[in-house]
Structures are given as C-alpha cells and as structure tokens.
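Below are the chains, spelled out letter by letter.
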Amino acid sequence: DAGITQSPRHKVTETGTPVTLRCHQTENHRYMYWYRQDPGHGLRLIHYSYGVKDTDKGEVSDGYSVSRSKTEDFLLTLESATSSQTSVYFCAIRQGTNTGELFFGEGSRLTVL
Amino acid sequence: KNEVEQSPQNLTAQEGEFITINCSYSVGISALHWLQQHPGGGIVSLFMLSSGKKKHGRLIATINIQEKHSSLHITASHPRDSAVYICAVTSYNTDKLIFGTGTRLQVFP
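Just so it is clear, the structure is predicted and the values come from calculations on it, not from any experiment. (Residues numbered from 1 in each chain as written. Chains lettered and ligands numbered in written order. Predicted model: local features only at pLDDT ≥ 70, side-chain atom pairs only at ≥ 80, totals over all residues. Heavy atoms only, no water.)

This brings us to the overall build of chain A. When helices and strands are tallied, chain A shows zero helices and 11 strands. For chain A, the sequential pattern of α-helices and β-strands runs β-β-β-β-β-β-β-β-β-β-β. The C-alpha atoms of chain A give a radius of gyration of 13 Å, which matches the 13 Å a tight globule of 113 residues would have. Projected onto its principal axes, the C-alpha positions of chain A cover 40 × 30 × 25 Å. Each of the 113 residues in chain A was classed as buried or not, and the buried ones make up 50%. Excluding contacts between residues fewer than 6 apart, the proportion of contacts in chain A whose partners are at least 24 apart in sequence is 53%. With the model as given, the accessible surface of chain A reaches about 5300 Å², and the carbon-plus-sulfur share is 47%. Looking at charge distribution, chain A has the averaged site of its 12 positive side-chain charges lying 2 Å from that of its 13 negative ones. (Helix = DSSP H or I, 4+ residues; strand = E, 2+ residues; numbered from the N terminus. Rg over C-alpha atoms; globule rule 2.2 N^0.38 Å. Buried < 20%, exposed > 50% of the residue type's maximum accessible area, 1.4 Å probe, protein only. Contact = heavy atoms within 4.5 Å. Areas by Shrake-Rupley, 256 points an atom, 1.4 Å probe, with all protein chains shown as cover. Lys, Arg positive; Asp, Glu negative; His and termini not counted. Charge placed at Lys NZ, Arg CZ, Asp CG, Glu CD.)

And the structure:
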C-alpha cells in the first residue's frame, strides 16, 4: 500500500459544471497518472505527471486539465463536464524509477447528467 | 493496432484448471505489469517484470523481451481468481503506462 487516496469516491453533477478529482499520496513518489475506465475500452490515460509542475497529456486528454503543485497531490479538473465524461476515474502512482511497482487508488465514479 | 494486445479477451474455466493469459506489445519497454481487478473493485498489482519469471503462490508470470511477449499463469484455479487481468507496459521512451484491454476470467466450481 503506497498511501494513495482519491476524492471524492462518488460524484453526480450536471452538464456544464466544473469538477475536480483529487489524488493524494503519502510516499512522495514521482510518477502519478490519471486514467478513465469505460466498458469496452479498458484503462485509458488522461494525463500523467513526472514531478511537481511537470505534466503531459495522454490519449484522451481533451476536456481535462491537471495540476501538480505539490508532490503528494495530483488534481484532475473537468472545466465543463459533459455526459461523455461519465466514467470511473483511477489514479495510479509508480514507485521510484521506470521499473517501479504500480499502486492504484480505489477509483472515483463520476456521473454527469 | 493497439500497442498492447491481450488474449483471450474472455476465459472460462473449471476449478482446478491451469490457466494462461497472454500479452504481446509492440513498443520498447522498461517494465511490464500484470494487474487484477475484481468486479466492482479496485486494481491491484500482481507482478512487475523486466526480465525472466516471477512466482507468487499459484501465480506465475514470465516475459520474453526479444519476442515482446508475456504470459500470466494460474495453477489450480479457484473461483476467487475470477477477475479481469490487465497487462500494462511502461514505455521506455515516454514513461507512459500503456494498458491492454484486459482478460475477463471466470472460474466455476
């Protein structure tokens, strides 16, 4: 367990509203990732971070932004939520170097009405 | 074509059977991960491989770097092994994690 928590775990919101999901870790690992999981698509990378203020886009980054102002927190923001962003969102962290073990948060279920 | 391909997509087995799930990838990697996700549950890392073979209890994972292929084996399968098994690789060039679409395993008593 790498002390990774996601919040909120469940959220229902309306189209057009902003939403922020938080991923928090207690181990000061460098790499953090945000994924969404949808039936038939598996896990798809939204954004990832390789250090404070160092982030990059994944394959499904449109409509999402991220920030990492502290090592321990990686925030995912939907500026104006759409129904297509209804999904389960997972945060992951990777220990140490590029051969480090992976740990996942418990997931955040977001419903956009 | 996906950079990480898993087969089969779905697998059913009787309790006690030997199970193999395969993963092939097309990018240069630093590491390969096998993950497990129970229905409605979180995702747990089973193995991280960069070469050779690892064993945890009834689970064995192997990787062939030259052939860009990995296998996950489950010996003496049990209904509690029913889950989705996901292969993921860390890209050597970008540090991105790339996931396969998963293999859904159901083990019946």
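A word on the nonpolar core. Residue and element names in this part refer to chain B. Formed by 25 residues in total, the largest nonpolar core has its most connected members in Leu32, Trp34, Leu72, Tyr85 and Val89. Elements supplying a minimum of two residues to this core: strand E3 (19-25), strand E4 (29-37), strand E5 (43-49), strand E7 (59-64), strand E8 (69-74), strand E9 (83-91) and strand E11 (103-108). Contacts of tyrosine 85, omitting those with residues within four sequence positions, involve Gln6, Ile21, Leu35, Gln36, Leu46, Leu72, Ile74, Gly102, Thr103 and Leu105. (Core = buried A, V, L, I, M, F, W, Y, C linked by side-chain atoms within 4.5 Å.)

What follows is about the confidence of the model for chain A. Here chain A averages 92 in pLDDT, and 96% of its residues register 70 or above. Across chain A, strand E8 (residues 73-78) of chain A holds the top mean pLDDT of 98, while strand E10 (residues 102-104) of chain A sits lowest at 90. (pLDDT = per-residue confidence, 0-100.)

Between chain A and chain B, the residue contacts involve 18 residues of the former and 18 residues of the latter. Both sides of the chain A and chain B interface together cover about 1600 Å² of buried area, and 62% of this is carbon and sulfur. Seen at the junction of chain A and chain B, the total is three residue pairs in polar contact (both at pLDDT 80 or more). If you list the elements that add at least two residues to the side of chain A that touches chain B, you get strand E4 (31-38), strand E5 (42-51), strand E9 (87-94) and E10 of chain A. A class-by-class count of the residues in the side of chain A that touches chain B yields nine nonpolar, six polar and three charged. (Buried area = accessible area lost by both parts, 1.4 Å probe. Polar contact = N/O pair within 3.5 Å; in protein donor to acceptor, adjacent residues only side chain to side chain. Nonpolar A, V, L, I, M, F, W, Y, C, P; charged D, E, K, R; others polar.)

We now examine the packing of aromatic side chains. With the rule as written, the count across this model stands at six aromatic pairs over all chains. Between the aromatic rings of Tyr33(A) and Tyr48(A), the centroid separation amounts to 5.9 Å while the plane-to-plane angle is 15°, which identifies the pairing as stacked. Highlighted residues: Tyr33(A) in strand E4 and Tyr48(A) in strand E5, separated in sequence by 15 residues. In this structure, Tyr33(A) and Tyr48(A) share a single accessibility class: buried. Summarising the aromatic geometry, the rings of Phe104(A) and Phe99(B) are spaced 6.2 Å apart at their centres and angled 70° between planes, so their arrangement reads as edge-to-face. One end of the pair, Phe104(A), is in strand E10; the other, Phe99(B), is in strand E10 (residues 97-99), on a second chain. The two residues Phe104(A) and Phe99(B) agree in class, both being buried. Taken together, the ring pairs in this structure connect Tyr33(A), Tyr35(A), Tyr48(A), Tyr50(A), Phe104(A) and Phe99(B) into an aromatic cluster. (Phe/Tyr/Trp six-rings, centres within 6.5 Å; stacked < 30°, edge-to-face > 60°.)

Moving on to the pattern of salt bridges. Residues and elements named next belong to chain A. The tally for this structure, following the rule as stated, stands at six salt bridges over all chains. Of the charged contacts, one joins aspartate 73 and arginine 22 as a salt bridge, the two residues approaching to 3.1 Å between their closest N and O atoms. One end of the pair, aspartate 73, is in strand E8; the other, arginine 22, is in strand E3 (residues 19-25), and 51 residues separate them in sequence. Take aspartate 73: its relative accessible area is 8%, and that puts it in the buried class. As a salt-bridge pair, lysine 70 and aspartate 73 come within 3.3 Å of each other at their nearest N and O atoms. Shared partners join several salt bridges into a network, and the residues in it are Arg22, Lys70 and Asp73. (Salt bridge = Lys/Arg side-chain N within 4 Å of Asp/Glu carboxyl O.)

Once that is clear, we can look at unusual backbone geometry. Here the amide bond leading from Ser7(A) into Pro8(A) is cis, since omega sits at -10°, within 30 degrees of zero. Along the chain, the position of Pro8(A) falls in the loop between strand E1 (4-7) and strand E2 (10-13). Ser7(B) connects to Pro8(B) through a cis peptide bond whose omega is -5°. Note that Pro8(B) resides in the loop between strand E1 (4-7) and strand E2 (10-14). Positive phi, close to 60°, is recorded for Asn28(A), a residue that is not glycine. Note that Asn28(A) resides in the loop between E3 and E4. At Lys68(B), a position not held by glycine, the phi torsion is positive, near 55°. Within the secondary structure, Lys68(B) is located in the loop between E7 and E8. With relative accessibility at 32%, the residue Lys68(B) sits in the partly exposed group.

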